[in-house]
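Fold and contact review
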Amino acid sequence: MKKIENFYLEDPHFINLINSLLADDMREWADRELGEFGRMCAGEIDERAVHTDREGQPRLIKYDRFGEDISEIWVNEGYKQTVKETYNKGIVGYIHKQIPELGRKGNYLYSYAQGYLLSQSEPGFYCPVTLTMAAAYLLEHYASDEIRERFLPHVLSTGETELYEGATFLTERQGGSDVGANDTKAVLTGDSYKLFGEKYFASNSGMCGVAMVLARMEGAKPGTKGLSLFAVPWRKEDGKLNGIKIRRLKDKLGVRAVPSAEVEFEGAEAFLVGEPSKEIHYMMEALNLSRVCNAVASIGIMRRAYMEARNYAFHREAFGRKLAEYPMVKETLTHLAVKQEIETSAVFSLIELFDKVMSREQPVSEKEMVMNRLLIALLKKETAEQSIHFAHEAIELHGGNGFIEDFVLPRLLRDAQVLTVWEGTANILGLEILRLMNRHQAHKLFIAEMKDRLMGVPVSLSALKDPVLQGLEEVEGLTDYVAVSSEDVQTFHAKKVGALMTSIYESWICLDEAARGGERERAKAEVFIEKTWSEQILDREMKSVSYFNIICNPRLYPVK
């Protein structure tokens, strides 16, 4: 069976996509760097990920030999090497500082391209990377000069100084997604604060150099409006713990590479970031960043699951024929390939807008900010659910082998499962969609934008465009009804609205690629539109079978 040797070079769709989005002065350098990183992720990083998941999981060393609470986290040497290599590649640093070879900053587009490759081997480690990205953003944009200079160079390190990985500690036992119920206290002592309380699900504990923590100042209002944001170093300058203890590590179903813990603050020194009681504004920006990371991890898992399934189907014989010769298998693989590529294009189309909103280097309209938040909610939900579906389909195609831990698929399924929970469940994302509809008329902005984009689809694709236009009429009627209905009616329909909007957006993505591409893109569009909008059970044309070779056979799919 063919082994995947390079996650980048063996993904022509992604190569073409990322080259179409990157600026001219970055394209050649990024192509070379992503090629090298794609090799690392498919090789040594993937091998280390297997060890970490099965034998080398993080462990809590609670006490030293004298019985002192040291709350240290042990990680294996391979994991440490992956940390070093990945951050030195600039996955966080080059978003905020110059790339030496180019004399210019990178961007989120390049970072998320790296994250897509990394998630195909180690979605568990991409969680700490995500947390570090969020910490870097908050420190750069909201910390005082003094606090920024103290922590940010370490968070952005690419090998020139000691690395401080980041963390964002939000969740408490009594709150969960209800962050407004948090009651960790911040007590002013001189030029800094002391934190007292606990965080119940604190990922990257013991590995982070600085954590961004929500706490409530004395006398602050209840709810989210009374919360403030603090930068909390894990250790003091003398190397001792900064009033922080780890109660225990979480025994998680998946993403076992990242140490998630219950953390207690016993007078931890903390430094205010930004204005007091502005938490909801700051953390919403960081949360949206993390949700995009979540979507990137999801499409990475989708890609790895599809590739493993496709390669196995061309290798495995059953009843005298390769699996890839059976129509049922062809149909499955074709639908997986089409959905993964279109979803990848959709996510990176969003990232192009996200980069503009987050960089603050040019004016951003209110419409762009609302569309950014809406598309993040839509695609985070869809990609997370699809990552589970892809892992399931790949396991089923492998049969009994797919259930064996010698293969990567069980880990993909376990790691995928958390992506529907982290950064907001489907219900929480549904509430975000309603919030955007009620406060910003997001549904009207979305419908107007999609009408405009679909008008640009050429006449030659009219037959494929028509069902999408009908879907647009349906979402218009549904959102008009929901927008003026009671709260119960709104929440009941929220996820239905989101699912329909997602189908429309991804349909436009595939039509746009078909208009600009060749025979393969047209075939993908036909398969996707039929799968998404057709309600017929009888499929006389069997396009997913007839287009199997052009869509799934790598020899027939060149890089432009």
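So, how was this worked out
Residues numbered from 1 in each chain as written. Predicted model: local features only at pLDDT ≥ 70, side-chain atom pairs only at ≥ 80, totals over all residues. Heavy atoms only, no water. UniProt positions renumbered as here; feature names shortened; annotations may be inferred. Axes fitted to C-alpha atoms, helices over the stretch in contact; angles between N-to-C directions. Helix = DSSP H or I, 4+ residues; strand = E, 2+ residues; numbered from the N terminus. Parallel < 35°, antiparallel > 145°, perpendicular 65-115°, else oblique. Contact = heavy atoms within 4.5 Å. Nonpolar A, V, L, I, M, F, W, Y, C, P; charged D, E, K, R; others polar. Domains from an automatic or database assignment. Buried < 20%, exposed > 50% of the residue type's maximum accessible area, 1.4 Å probe, protein only. Polar contact = N/O pair within 3.5 Å; in protein donor to acceptor, adjacent residues only side chain to side chain. Pairing = 2+ DSSP bridges.

Within an unreviewed UniProt entry, the label attached to the protein chain reads Isovaleryl-CoA dehydrogenase, and the organism entered is Bacillus salacetis. Per UniProt, the comment on the protein chain under Cofactor (unreviewed entry) is "FAD".

Running from N to C, helix H13 (residues 426–440) and helix H15 (residues 462–483) cross one another at 80°; their axes reach a closest spacing of 11 Å. Classed by the angle they form, the pair H13 and H15 counts as roughly perpendicular. Contacts from Leu-434, Met-437 and Asn-438 of H13 reach H15 at Thr-479, Val-482 and Ala-483. The residue makeup of the contact of H13 with H15, split by class, is 4 nonpolar, 2 polar and no charged.

Now for the domain arrangement of the protein chain. Accessible area lost on assembly of the parts is the figure often given for the size of an interface. Per the domain assignment, the segments making up the protein chain are domain 1 (166–276) and domain 2 (426–538). Between the C-alpha centres of domain 1 and domain 2 the distance comes to 40 Å.

It is worth spelling out the side chain of Lys-543 at this point. Its place among the elements puts Lys-543 in helix H18 (residues 543–546). In this structure Lys-543 comes out as buried when scored by relative accessible area, which is 14%. Once residues lying within four places of it in the same chain are set aside, the contact partners of Lys-543 are Glu-526, Val-527 and Glu-530.

As annotated in UniProt, the feature "domain: Acyl-CoA dehydrogenase/oxidase C-terminal" (unreviewed entry) corresponds to residues 281–434 in the numbering used here. Strand forms 3% of residues 281–434 and helix 79%; the C-alpha atoms that close the span are 18 Å apart.

Unlike most non-glycine residues, Arg-360 shows phi in positive territory, near 60°. With respect to the helices and strands, Arg-360 occurs in the loop between helix H10 (327–359) and helix H11 (366–398). In this model, Gln-441 sits at a positive phi of 55°, which is unusual for a non-glycine residue. In this structure, Gln-441 sits in the loop between H13 and helix H14 (442–455).

Turning to helix H1 (residues 12–21), a few remarks are in order. Of all 10 residues in H1, 8 are buried; the element is thus mostly enclosed. Listing the buried residues of H1 in full gives Pro-12, His-13, Phe-14, Ile-15, Asn-16, Leu-17, Ile-18 and Asn-19. Of the surrounding elements, those touching the buried residues of H1 are helix H2 (24–42), helix H6 (108–119), H10, helix H16 (487–516) and helix H17 (519–533).

The topology assignment puts Ser-203 in strand E7 (residues 192–203). At 2.8 Å, the side chain of Ser-203 forms a polar contact with the side chain of Ser-260.

Now for the UniProt feature "domain: Adaptive response protein AidB N-terminal" (unreviewed entry) in the protein chain. In the numbering used here, UniProt assigns the "domain: Adaptive response protein AidB N-terminal" (unreviewed entry) feature to residues 19–157. In the segment residues 19–157, helix accounts for 66% and strand for 11%; the C-alpha atoms at its two ends are 26 Å apart.

Of all the 14 residues making up strand E11 (residues 260–273), 10 are buried; the element is thus mostly covered by neighbouring parts of the structure. Relative to E11, E7 runs antiparallel, the two being bridged by 9 bridges. The partner of Gly-197 across the bridge, within E11, is Phe-265. One ladder, built from 3 bridges, connects strand E9 (residues 227–233) with E11; its direction is antiparallel. By the bridge assignment for E11, Ala-231 is matched with Phe-271. Bridging between strand E10 (residues 244–249) and E11 involves 5 bridges; their strand directions are antiparallel. Residue pairing in the sheet places Lys-245 in a bridge with Glu-264 of E11.

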